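# Report on the structure
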Amino acid sequence: MGNLLDVPAYNHMMCELFQAMKELGGSGTIREIDDKTIEILQLTPEVQEIAHGNSGKTEVEYRLAWTRSYMKKVGILENSSRGIWALTAKGREQEKINPEEIVSKVREMMLLKTKNASEINTEDDDFENDGVDIPEEIQSWREKLKNVLLNLKPDAFERLTQRLLRESGFTQVKVTGKTGDGGIDGMGIVKLNGIISFHMLFQCKRYAGKISAGQIRDFRGAMQGRTDKGLFITTGKFSAPAIEEANRPGATPIDLIDGDELVEKLRELQLGVAPVNDYIIDEAWFLSI
C-alpha cells in the first residue's frame with residue numbers, strides 16, 4: 001500500500017508537468033496531462049492509487065490540480081471551458097520554470113488580496129492554507145456531481161443506474177437488491193440494431209478509489225453461466241489490472257463505466273444535470289494568438 005508521504009508536493013511536480021505540456025505539444029486534457037506527468041515522475045502504481053479522502057480523486061490527481069492552478073496564476077497555463085489546458089504564449093516561450101519563484105509570486109498576489117496577511121503561512125508547503133483559490137476542476141460541476149453520487153444511499157444509486165440504462169436503450173432492466181449474490185445488482189437486455197439481443201448483468205458500486213482486478217474476477221464469477229455480458233459501473237476508477245481482467249481473452253466480457261464516464265453519460269442524457277450557457281468574449285486572448 002502506498003504512503004501519503006511518497007506523493008510529491010504540488011510544487012515538486014511543476015517542472016515535470018511543464019515538461020509534460022511540452023511533450024504533449026502544448027495542450028492536453030487533464031487526464032493526458034496527469035498521465036504524462038506521472039510517467040515522467042515514474043510514480044509507482046501504489047502511490048498513484050492513494051485516494052484523496054472521498055473526493056473521487058487520487059492524491060496525485062488532487063495535487064496536480066493545485067500544480068496547474070499555481071501555474072495558471074502566473075500566466076504559464078490557461079484552460080478552456082472544455083477542460084483543455086494549454087501553455088500560454090508566455091509558457092511556450094520559456095524553456096524551463098522555477099517552482100520556488102512561482103510559489104513566491106502567487107503568495108505575493110494572495111497577500112495583496114488578503115486583509116489579514118498573517119493568516120497566510122509563507123513557510124509551510126501546505127498549499128491548501130495559502131489562500132489560493134481552489135482549482136477550477138476541483139470545484140467543477142463534474143466534481144460536485146461525483147460527490148452527490150458518492151453520498152447517495154445504495155438503493156438510490158441502484159435506481160439511478162436502472163434509469164440510466166433504460167434511458168440508454170436497455171429493456172427489462174431489473175434491480176435485484178439481493179445480498180449474497182456475488183455483487184450482482186441487476187440485469188437488463190440490450191438490443192443491437194433492433195435485431196440481436198444480449199442479456200447483461202450489472203454491478204454498480206459507489207466507490208472513491210480504484211476497482212481492483214480481484215473485484216472484477218469476483219463479479220465475473222457471479223456472472224458465470226447466467227449472462228452474455230457484464231457491466232460494472234463505479235463512481236471511482238478502474239486500476240490497470242482491472243481493465244485488463246475485464247477484457248481478458250476467452251472470458252465473459254465485462255464493459256466498464258468509471259466515474260468520469262458516468263458523469264458524462266448523465267450530462268448527455270440530462271439526468272439531474274441541466275446546462276447553463278453564457279459566453280464572455282476575451283479579446284485579449286484573440287490578440288495573443
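Residues numbered from 1 in each chain as written. Predicted model: local features only at pLDDT ≥ 70, side-chain atom pairs only at ≥ 80, totals over all residues. Heavy atoms only, no water.

## Some thoughts on the overall build of the protein
Condition: Helix numbering and strand numbering both begin at the N terminus, where a helix is a DSSP run of H or I of at least 4 residues and a strand a DSSP run of E of at least 2. Exposure is judged per residue with a 1.4 Å probe applied to protein chains only, and the accessible area is read against the type maximum: over 50% gives exposed, under 20% gives buried, and values in between give partly exposed. We call two residues contacting when some pair of their heavy atoms lies within 4.5 Å. Only the protein chains shown count as cover for residues, and all accessible areas are computed by the Shrake-Rupley method using a 1.4 Å probe.
When helices and strands are counted, the protein shows 12 helices and 10 strands. In the protein, buried positions account for 42% of the 289 residues. Taking as baseline every contact in the protein between residues at least 6 positions apart, the subset at least 24 positions apart corresponds to 63%. Approximately 16,500 Å² of the protein is accessible, and the part contributed by carbon and sulfur atoms is 50%.

## Quick word on the sheet that holds strand β8 (residues 229–234)
For clarity, the cut-off: Any two strands with at least two DSSP-identified bridges between them are counted as paired. Here the axes come from fitting lines to C-alpha atoms, over the contacting stretch only for helices, and the angles between their N-to-C directions go from 0 to 180 degrees.
Reading across from one edge, β4-β5-β6-β8-β10 is the order of the five strands in this open sheet, with mixed pairing throughout. Since the sheet does not close on itself, it has two edges, and those belong to β4 (171–175) and β10 (254–257), each with one partner. Put simply, the sheet's adjacent strands are angled 25° from each other on average, direction ignored. Relative to β8, strand β6 (residues 196–205) runs parallel, the two sharing six bridges. Each bridged residue has a counterpart across the sheet, and for phenylalanine 202 the counterpart in β8 is leucine 231. On top of the sheet, helix α9 (residues 213–223) reaches β6, β8 and β10; it is set at about 140° to β8, its chief contact.

## Concerning the packing of aromatic side chains
Pairs of aromatic rings are described using the distance from one ring centre to the other and the angle between the two planes. Spelled out, the test is: Ring pairs shown here join Phe, Tyr and Trp side chains whose ring centres sit within 6.5 Å, with only the six-membered ring taken for Trp; geometry is labelled stacked below 30 degrees between planes, edge-to-face above 60, and tilted in between. In this scheme, Lys NZ or Arg CZ marks a charge over a ring once it lies within 6 Å of the ring centre and within 35 degrees of the ring normal.
For the structure shown, the criterion picks out four aromatic pairs. When the centroid spacing of 5.7 Å and the interplanar angle of 90° are considered together, the rings of phenylalanine 219 and phenylalanine 232 count as edge-to-face. Here phenylalanine 219 is found in helix α9, whereas its partner phenylalanine 232 is found in strand β8, with 13 residues between them in sequence. Assigned by exposure class, phenylalanine 219 and phenylalanine 232 land together as buried. Between phenylalanine 232 and phenylalanine 238, the ring centres sit 5.7 Å apart and the planes meet at 85°, which makes this aromatic pair edge-to-face. Each member of the pair, phenylalanine 232 as well as phenylalanine 238, is classed as buried. One aromatic cluster in this structure is built from Phe219, Phe232 and Phe238. A cation sits over an aromatic face here: arginine 68 above tryptophan 85, 5.6 Å from the ring centre.

## A short note on helix α1 (residues 14–23)
Rules: Arc, as used here, means the arc of the directions from the helix axis to the C-beta atoms.
Where α1 is concerned, the buried positions are Met14, Leu17, Phe18, Ala20 and Met21. Considered in projection along α1, the buried side chains sweep an arc of 155° and stay on one side of the axis. In the segment just after α1, glycine 25 is the residue with positive phi, at about 90°.

## Section: the sheet that holds strand β1 (residues 27–29)
Judged by pairing direction, the sheet is antiparallel, and its three strands sit side by side in the order β1-β3-β2 without closing on themselves. Two strands close off the open sheet at either side, each with one partner strand: β1 and β2 (77–79). Going across the sheet, the axis of each strand differs from the next one's by a mean of 25°, ignoring polarity. As paired elements, β2 and strand β3 (residues 84–87) share three bridges and run antiparallel to each other. Within β3, the position partnered with glutamate 78 by the bridge is alanine 86. Against the sheet, α1 makes contact with β1, β2 and β3, and its axis sits at roughly 95° relative to β3, the strand it touches most. Strands in contact with helix α2 (residues 30–41) are β1 and β3; relative to β1, the strand with the most contacts, it is inclined by about 105°.

## A short note on the pattern of salt bridges
The condition is simple: Any carboxyl oxygen of Asp or Glu that lies within 4 Å of a side-chain nitrogen of Lys or Arg is treated as forming a salt bridge with it.
A full pass over the atoms with the stated rule returns 19 salt bridges. Note that glutamate 245 and arginine 220 form a salt bridge whose closest N and O atoms lie 2.5 Å from each other. Of this pair, glutamate 245 sits in helix α10 (residues 240–246) while arginine 220 is found in helix α9, placing the two residues 25 residues apart along the sequence. The exposure classification of glutamate 245 matches that of arginine 220, with both residues buried. Counted as one network, the salt bridges with shared partners bring together Arg31, Glu61, Lys146, Lys237, Asp258 and Asp260.

## Some thoughts on helix α7 (residues 141–150)
Listing the buried residues of α7 in full gives Glu143, Leu145, Lys146, Leu149 and Leu150. Seen from one end, α7 has its buried residues packed into an arc of 160°, which puts them on one side. Of the surrounding secondary structure, the elements contacted by the buried residues of α7 are α8 (154–167) and α11 (259–269).

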